[in-house]
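Letter by letter, the chains look like this.
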Amino acid sequence: MAASKTNTFLGERYRRIAKRRGKKRAIVAVGRSILVIIWHLLSNPAARFIDLGSDFYENRTGPDRKKRNHIRQLEALGYKVTLEPAA
């Protein structure tokens, strides 16, 4: 529960899951993520934990990927899409 209030990758993971699935499921999911991190750290002595940051998901999907996905979704709905840059 404490990890959900932080400005870290795990805190952002909690907030993203809580929006879609609810608070209780998000707590369990973040708890599992913490256990997986601990297992990897204990099983490999050379492993070090590096927090990905709360903006990991935003940076993961760049503007080009977002544009491509939206175009694909509109075309799947039967629209013909042409893009022009804004003035």
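What you see is a predicted model; the values in this text were computed from it and never measured.

**Focus: the nonpolar core**
Okay, so step 1: Core analysis: the largest hydrophobic core is formed by 9 residues, namely Ala-3, Phe-9, Leu-10, Tyr-14, Ile-17, Ala-26, Ala-29, Val-30 and Tyr-57.
Okay, so step 2: Mapped by element, the contributors of at least two residues to this core are α1 (9–21) and α2 (23–43).
Okay, so step 3: Looking at this core, the element that brings in the most residues is α1, giving 4 residues.
Okay, so step 4: Apart from the residues within four sequence positions on either side, Phe-9 is in contact with Asp-51, Leu-52, Gly-53, Ser-54, Phe-56 and Tyr-57.

**Looking at the confidence of the model for the protein**
Okay, so step 1: In the predicted model, the protein carries a mean pLDDT of 90, and the fraction of residues at 70 or more is 100%.
Okay, so step 2: Per-residue pLDDT, averaged within each element of the protein, yields its smallest value for helix α3 (residues 56–60) (79) and its largest for α2 (95).

Parameters and conventions
Residues numbered from 1 in each chain as written. Predicted model: local features only at pLDDT ≥ 70, side-chain atom pairs only at ≥ 80, totals over all residues. Heavy atoms only, no water. Core = buried A, V, L, I, M, F, W, Y, C linked by side-chain atoms within 4.5 Å. Buried < 20%, exposed > 50% of the residue type's maximum accessible area, 1.4 Å probe, protein only. Helix = DSSP H or I, 4+ residues; strand = E, 2+ residues; numbered from the N terminus. Contact = heavy atoms within 4.5 Å. pLDDT = per-residue confidence, 0-100.

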